[in-house]
Amino acid sequence: MTALNDAKSEAAGMPSHVRDDLEKRLVRKIDLRLSVIVLLCAMSNIDKANISTARLAGFEEDLHLQGSQYATILSIVYVGFIVVQVPANMFLYWLERPAILIPCSMVMWGFISALTGMAQNYNEILIARLLLGFAEAPFSPGTMYLISGWYKRDELAMRATIINCMQGVLGQASWRRETWLFYIEGGLTVIVAIFAMFILPSFPHNTRWLTPEERSLAISRLADDGYGRMDGPGKQTTVQGLRDALSDWKVWWFTVAFIVHHIALSYGMYLPTLVATMGYDRTVTLLLTSPPSVLGIIGAFCFFKVGELFFSISNCASWMIRLSDHTHKRSIYIFASIAFTALGFIVAICTTNTVARYASMFLMALSAAGQMVLWAWIKNTFTREPAKRAVAIAMISGVSALGSIAGSYIWPLNWGPAYRSSYIICLAALGMFTAMLGVMHLHLKRVNEQIERKERNAQNIDDLQYPVGFRYLV
């Protein structure tokens, strides 16, 4: 413990070692409760992403799709994200009950997913996917805001990785001509949502299963880490949060950067199609689609020792995420992830060799590690005002879906099987994304220097804009 933390513990009437033990037990308790989000994310991905593998199983033929209609069906779900996510997170901040709002959102999309099995043509599947996007929109920014309301800044990246990685593994599905399976899939989502209402926590100040001592610690440890309070005097209104988010250029900068980033990572929506270009039958293609993601997940939490070296592509993901939290740094590990992803794009552009192409997909999969660190960075950057953070997360997540819509159209079948033009677009977008993050890194680094200088020259700590010791993670 640092001297500052020791002083805070003693001031609270609790020895530092007692507080440490209590905090460890509290974090384990929070982890256990919030682990249900892994299952919720899996259901989300199953209900939303099965269209990605549909091409290989007769989806276009069954619904008589032509031209860019498949891309439109793929992207229409993001319209709901753009329209609904900011109002939904503002409502969540006002309601203060994510344990109610998130499962209710799941119930709605579960019913809509079940009805998708009744679609018989392009118009019907398009409407179903549009409604699915509106119903599911509150889920992603809501869960991200919920997590940011429980964990300190150096605990976020690994938790976000566990949740998002597991949704990628558990969320693999494909088009089923047996439509009754859609009803089962949607029904399971509704059942899981109902159980989640009794398991998910809300926020530290209004969660009933915390003891008074745990509640006090849960609130104080976030305050010590630079978080603004979500209750009590001085709490911002949702309108104030919206105004502050819209007037902060950093929110817009991250939003545009994420739009470009989604274009660069649009290959993920077409991964089964890209694997199919290697010439294997449908069954083998579907089997080959999962290993890049699965290996990345295993590597995120396991190390394999070879002599005196730890070596694995997937270990790079683990190394980046763990060190990002441990060192309190973000951008350097995002840039490392970008470098591996760019290498994967370059390999895919330069050769059509089957082995090289498949290896490039493993390199591209490392983008997931950087994306998790990036989301942790965003949450860390807007820790001070909870209302603003709620809007900022939703705005970045929702508006950046424009990149997913645009990315859906850069992989037409007539550009295959090499898809060099598509990979070149992704590589160019990745370069622009890197430059934008570089600017943000330099800005926050300069702000940290200003904060440190003001702390040294301050005559009274009450005159400081930020808590003593607060620094932006860069």
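Residues numbered from 1 in each chain as written. Predicted model: local features only at pLDDT ≥ 70, side-chain atom pairs only at ≥ 80, totals over all residues. Heavy atoms only, no water.

## Digging into the overall build of the protein
Along the backbone of the protein there are 24 helices and two strands. Accessible area of the protein: about 20400 Å², with a carbon and sulfur share of 64%. (Helix = DSSP H or I, 4+ residues; strand = E, 2+ residues; numbered from the N terminus. Areas by Shrake-Rupley, 256 points an atom, 1.4 Å probe, with all protein chains shown as cover.)

## Re helix 22 (residues 386-399)
Because an α-helix completes one turn every 3.6 residues, residues spaced three or four positions apart along the sequence face the same direction. Between its first and last C-alpha atoms helix 22 spans 20 Å; for 14 residues at 1.5 Å apiece the expected length is 20 Å, and the two agree. In terms of burial, helix 22 is largely enclosed, as 13 of its 14 residues are buried. (Expected span 1.5 Å × (residues − 1). Buried < 20%, exposed > 50% of the residue type's maximum accessible area, 1.4 Å probe, protein only.)

## Details of the packing of helix 6 (residues 77-95) against helix 9 (residues 139-148)
Running from N to C, helix 6 and helix 9 point in directions that differ by 40 degrees, and their axes come no closer than 9 Å. The angle between helix 6 and helix 9 places the two elements in the oblique class. Once helix 6 is placed against helix 9, the crossing between them reads as right-handed. Residues Gln-85, Asn-89, Leu-92 and Tyr-93 of helix 6 pack against Ser-140, Pro-141, Gly-142 and Tyr-145 of helix 9. Considering only residue class, the contact of helix 6 with helix 9 consists of four nonpolar, four polar and no charged. (Axes fitted to C-alpha atoms, helices over the stretch in contact; angles between N-to-C directions. Parallel < 35°, antiparallel > 145°, perpendicular 65-115°, else oblique. Left-handed = near helix turned anticlockwise from the far one by under 90°. Contact = heavy atoms within 4.5 Å. Nonpolar A, V, L, I, M, F, W, Y, C, P; charged D, E, K, R; others polar.)

## Some points on helix 19 (residues 331-350)
Taking 1.5 Å of rise per residue, the 20 residues of helix 19 would be expected to cover 28 Å, and the 28 Å separating its terminal C-alpha atoms lies within 8% of that figure. Those residues of helix 19 that fall on the buried side of the exposure criterion are Ser-331, Tyr-333, Ile-334, Ala-336, Ser-337, Ile-338, Thr-341, Ala-342, Gly-344, Phe-345, Ala-348 and Ile-349.

## Comments concerning the packing of aromatic side chains
Evaluated as defined, the whole model comprises 16 aromatic pairs. Here the aromatic rings of Tyr-358 and Phe-362 are separated by 5.2 Å at their centres, their planes lie at 90 degrees, and the arrangement is edge-to-face. Separated by four residues within a single helix, Tyr-358 and Phe-362 lie in helix 20 (residues 354-365), roughly one turn from each other. Phe-362 matches Tyr-358 in its accessibility class, with the two residues each being buried. Cluster of aromatic residues (ring-pair linked, three or more members): Tyr-70, Tyr-267, Tyr-270, Phe-345, Trp-411, Tyr-419 and Tyr-423. (Phe/Tyr/Trp six-rings, centres within 6.5 Å; stacked < 30°, edge-to-face > 60°.)

## Examining the packing of helix 19 against helix 24 (residues 420-457)
Helix 24 packs onto helix 19 with a crossing angle of 165 degrees between their chain directions and a minimal axis gap of 10 Å. Overall, the two elements helix 19 and helix 24 adopt an arrangement that is roughly antiparallel. When you trace helix 19 past helix 24, the crossing you get is left-handed. Facing helix 19, whose interface residues are Ser-331, Ile-334, Phe-335, Ile-338, Thr-341, Ala-342, Phe-345, Ile-346, Ala-348 and Ile-349, helix 24 presents Arg-420, Tyr-423, Ile-424, Cys-426, Leu-427, Leu-430, Phe-433, Thr-434, Leu-437, Gly-438 and His-441.

## Observations concerning the environment of Thr-354
Its place among the elements puts Thr-354 in helix 20. On a C-alpha basis, the gap between Thr-354 and Met-278 in space is 5.8 Å, while along the polypeptide they are 76 residues apart. Sequence-distant contacts of Thr-354, defined by excluding residues within four places in its chain, comprise Met-278 and Tyr-280.

## Side note on the environment of Ser-148
Inspection of the secondary structure assignment puts Ser-148 in helix 9. Its relative accessible area of 0% is what places Ser-148 among the buried residues. Taking the C-alpha atoms as reference points, Ser-148 and Leu-222, 74 residues apart in sequence, are found 9.7 Å from one another. Here Tyr-145 takes part through its backbone oxygen, which lies 2.8 Å from a polar atom of the side chain of Ser-148. (Polar contact = N/O pair within 3.5 Å; in protein donor to acceptor, adjacent residues only side chain to side chain.)

## Side note on the pattern of salt bridges
Here the structure, examined in full by the defined rule, presents seven salt bridges. Between Glu-23 and Lys-152 there is a salt bridge, with the nearest N and O atoms lying 3.2 Å from each other. Residue Glu-23 is located in helix 2 (residues 16-34), and its partner Lys-152 is located in the loop between helix 9 and helix 10 (156-170); the two are separated by 129 residues in the primary sequence. Residue Glu-155 is joined to Arg-221 by a salt bridge in which the shortest nitrogen-to-oxygen separation is 3.0 Å. Of this pair, Glu-155 sits in the loop between helix 9 and helix 10 while Arg-221 sits in helix 12 (residues 212-224), and the two are 66 residues apart along the sequence. (Salt bridge = Lys/Arg side-chain N within 4 Å of Asp/Glu carboxyl O.)

## Overview of the nonpolar core
Trp-150, Leu-200, Phe-254, Leu-374, Trp-411 and Tyr-423 are the most contacted members of the largest nonpolar core, which has 116 residues in total. Of all the elements, helix 24 adds the most residues to this core, at 11 residues. Excluding its chain neighbours within four sequence positions, the residues that come into contact with Phe-254 are Leu-374, Trp-377, Ile-378, Thr-381, Phe-382, Ile-396, Leu-437 and Met-440. (Core = buried A, V, L, I, M, F, W, Y, C linked by side-chain atoms within 4.5 Å.)

## Remarks on unusual backbone geometry
With omega at 0 degrees, the peptide bond leading from Gly-416 into Pro-417 counts as cis. Relative to the assigned elements, Pro-417 resides in the loop between helix 23 (401-407) and helix 24. Located in the positive-phi region is Glu-96, a residue other than glycine, with phi close to 65 degrees. Take Glu-96: it is sitting in the loop between helix 6 and helix 7 (98-116). Residues other than glycine seldom take positive phi values, yet Tyr-419 does so here, at roughly 55 degrees. Along the chain, the position of Tyr-419 falls in the loop between helix 23 and helix 24. Given a relative accessible area of 2%, Tyr-419 falls into the buried group.

## Let's talk about the environment of Trp-253
Within the secondary structure layout, Trp-253 lies in helix 14 (residues 249-264). A relative accessible area of 28% places Trp-253 in the partly exposed class. A sequence separation of 143 residues divides Trp-253 from Ile-396, and the C-alpha atoms of the two residues are 9.2 Å apart. Residue contacts for Trp-253: discarding those within four places in its chain leaves Met-436, Val-439 and Met-440.

## Quick word on a nonpolar patch on the surface
Judged by side-chain polarity, Ile-184, Leu-188, Ile-191, Ile-194, Phe-195, Met-197, Phe-198 and Ile-199 come together as a nonpolar surface patch covering roughly 770 Å² of accessible area. Here Ile-184 shows up in helix 11 (residues 180-199). (Patch = residues over 30% accessible without salt bridge, like charges linked within 9 Å, V, L, I, M, F, W, Y side chains within 5 Å.)

## Some details on the confidence of the model for the protein
For the protein, per-residue confidence averages 79 on the pLDDT scale, and residues scoring 70 or more make up 78% of the total. Confidence scores differ between elements of the protein, with strand 2 (residues 309-310) showing the lowest mean pLDDT of 31 and helix 14 the highest of 95. Considering only residues more than four positions removed or in separate chains, one finds that residues 168-178, a stretch of pLDDT under 50, has 31 contacts. (pLDDT = per-residue confidence, 0-100.)

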